[in-house]
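Now for the letters of each chain:
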Amino acid sequence: MASSLTKDSVRPGTPGSEKTFFGHPRGLATLFMTEMWERFSYYGMKALLTVYLLSGGVDAGKGSMGGGLAMDVATTTVIVSVYSAMVYLLAMPGGWLGDRVWGPRKTVAIAAVTIMAGHLTLALPGGQAPFFAGLALVAAGSGLLKANISTMVGHLYDGPDDPRRDGGFTIFYMGINVGAFFAPLAIGTVGQKVSWHLGFGMAAVGMAIGLAAFLLGTRNLSPQSSVVPKPLAAEERASWLRKGLLWVIAATVFYGVVGFTGHFTLNWAMIPLTVIGLVIPAGVLLRIKRDKELTSTEQSKMTGYIWFFVAAAVFWMIYDQGASTVQAFGEGKASTSLLGFDFPTSWYQSLNPLFIMALAPVFAWVWVWLNRKDKEPSTIVKFSMGLVLIGVSFFFFLIPLAMAANGTAVSPMWLVGIYFIQTVGELCLSPVGLSVTTKMAPAKYASQMMGVWFLAVTAGDSITSLLSNPAIAGVDLSGTAAVFGEAALAALAGFAVWMYRRKVKSLMGDVR
């Protein structure tokens, strides 16, 4: 990617003060490339995940080759949902390790190696064992990286008031969407049309390029990124190691006995992870809300924030089914040809980043334009808009579901419409959620609240897993009744947030 490296008057001592990257510290180029290739590997693998799990089974589409794990849609949805939940759940311990043990820079390097090892493990033949081991490594590495690389972007600037800071994060997030857009087109095509394991191997190569870019460009990063902000004392480190070792031994013994006696099934792993994905978000919110050290104003803001958190969990519960339920429908019930051009179904996963890159600048301009006219919707109204739109996307989903009921392969444009509506909803809710999280965070938990926001994704995906798992609720999430129910739930939640907007606004205090 071509970069704009020119002379610029930057504060002396700022990383990259001799040259800039589009007017920003040169270290931004390093982090941009690292994140772009990490997202390339992550979204490339995720684009293959559902189609690989379905391939060879009765629900697989005609466009995919065999050789997958031949699972049904319900089990596939459980696995994809638990995987997504764990990625976002592990962002919290990832941030803790960066703050207390390794520092952000070292944590990102370890994360990149872990992710690369995970993709290489996925590339191995051998069925379920290497697949789930690889998935666990990728989830762990992604959690480590997610929490720390954004922190390192912030280190490049002269505090929160640096006028270049927001622009720097905008460029950085473009790297996410560039990588996410090209990944399904490249990795998805190779995985579906040539070899699943070669596709997973390509994801490992992508992460290797990202790691190389990071290591070669570390000299341009802020020295602050190598500092451990609050290192563990020797006693604390020993205590954490003891506790961690005890948990590992207990889990190893327990699952060893279950496996040795021949009782192990996927649900011995899936159900505990689903429960963890629900209990931890609830526990974290309860712990913060019950903290006696918070002022009455902070307590009020946390009560208001819980409204946003629950609304966001409902949103992500439906939105993340774009990679499971909706993708499975595209694999089995939609045509893989458009205007005479055949395409792999993994390409559907390129639509969301494409729409984000096209629409995000438009939304930014519209909000500013409305603000000048004193007509910009409030945070609460934007949230309710996001919820209603995600509900509309599933009401829209009902149309191709009905059309495909008699075995007819529907046009892929129906799925394009679903992803488009969901992206518009995301642009109403997600940036606002990030902003309101920082604004409403109690001072004591300022550095932890971004991880709390990610837990809304964990909770939403865990609910999806709970509903889809035949051993628990056994709901057919690809059925008309379930899709209608979820659509109605989101629309009602959006309406409820709007109806109680004055109540929530009063709880928010001075936050607007």
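Residues numbered from 1 in each chain as written. Predicted model: local features only at pLDDT ≥ 70, side-chain atom pairs only at ≥ 80, totals over all residues. Heavy atoms only, no water.

### What to know about a nonpolar patch on the surface
Let me state the cut-off plainly: Think of a patch as exposed residues, more than 30% relative accessible area, with no salt bridge, where like charges cluster within 9 Å and nonpolar side chains (Val, Leu, Ile, Met, Phe, Trp, Tyr) cluster within 5 Å. Note on areas: Shrake-Rupley with a 1.4 Å probe; residue coverage comes only from the protein chains shown. For this document, the term salt bridge refers to a Lys or Arg side-chain nitrogen within 4 Å of an Asp or Glu carboxyl oxygen. The way it works is that DSSP assigns letters per residue, a run of H or I at least four long becomes a helix, a run of E at least two long becomes a strand, and they are numbered from the N terminus. Whether a residue is buried, partly exposed or exposed follows from its accessible area with a 1.4 Å probe, protein chains only, as a fraction of its type maximum: under 20%, in between, or over 50%, in that order.
A contiguous nonpolar patch, built from Trp307, Phe495, Trp498, Met499 and Tyr500 and spanning about 540 Å² of accessible area, is present on the exposed surface. It is helix 16 (residues 480-499) that provides the largest number of residues to the nonpolar patch, a total of three residues. Residue placement: Trp307 occurs in helix 10 (residues 296-319). Given a relative accessible area of 31%, Trp307 falls into the partly exposed group.

### Let's talk about the packing of helix 3 (residues 91-102) against helix 5 (residues 128-155)
Rule in force here: To get an axis, fit a line to the C-alpha atoms, keeping to the stretch in contact for a helix; angles then go from 0 to 180 degrees between the N-to-C directions. If you view the pair so one helix is near and one far, a crossing is left-handed when the near helix is turned anticlockwise from the far one by less than a right angle, and right-handed when it is turned clockwise. Residue contacts follow a heavy-atom distance rule, with two residues in contact if any of their heavy atoms lie within 4.5 Å. Nonpolar residues are Ala, Val, Leu, Ile, Met, Phe, Trp, Tyr, Cys and Pro. Charged residues are Asp, Glu, Lys and Arg, and all others, Gly as well, are polar.
Running from N to C, helix 3 and helix 5 cross one another at 65 degrees; their axes reach a closest spacing of 7 Å. Helix 3 and helix 5 meet at a crossing whose hand is right-handed. Along its contact with helix 3, which presents Ala91, Gly94, Gly95, Leu97, Gly98 and Trp102, the element helix 5 presents Gly143, Leu144, Lys146, Ala147 and Asn148. Each residue belonging to the contact of helix 3 with helix 5 can be placed in one class, and the counts come to five nonpolar, five polar and one charged.

### Describing the confidence of the model for the protein chain
In regions of low pLDDT, the predicted coordinates are not meant to be interpreted in detail. Rules: Confidence scores labelled pLDDT are given residue by residue by the predictor and lie between 0 and 100.
Per-residue pLDDT for the protein chain has a mean of 88; in total, 93% of the residues score no lower than 70. Between the elements of the protein chain, mean pLDDT differs from a low of 70, seen in helix 17 (residues 501-507), to a high of 96, seen in helix 4 (residues 104-122). Below a pLDDT of 50 lies the segment residues 1-17, which in the model reaches 37 contacts outside its immediate sequence neighbourhood of four places, other chains included. In the predicted structure, residues 58-63 sits below a pLDDT of 50 and forms twelve contacts with residues beyond four places in sequence or in another chain.

### Re the pattern of salt bridges
When their charged atoms lie close together, side chains carrying opposite charge are able to pair. With the rule as written, the count across this model stands at five salt bridges. Of the charged contacts, one joins Glu236 and Arg100 as a salt bridge, the two residues approaching to 3.2 Å between their closest N and O atoms. Residue Glu236 is located in helix 8 (residues 234-260), and its partner Arg100 is located in helix 3; the two are separated by 136 residues in the primary sequence. A single salt-bridge network, built from bridges that share partners, covers Asp291, Glu293 and Lys444.

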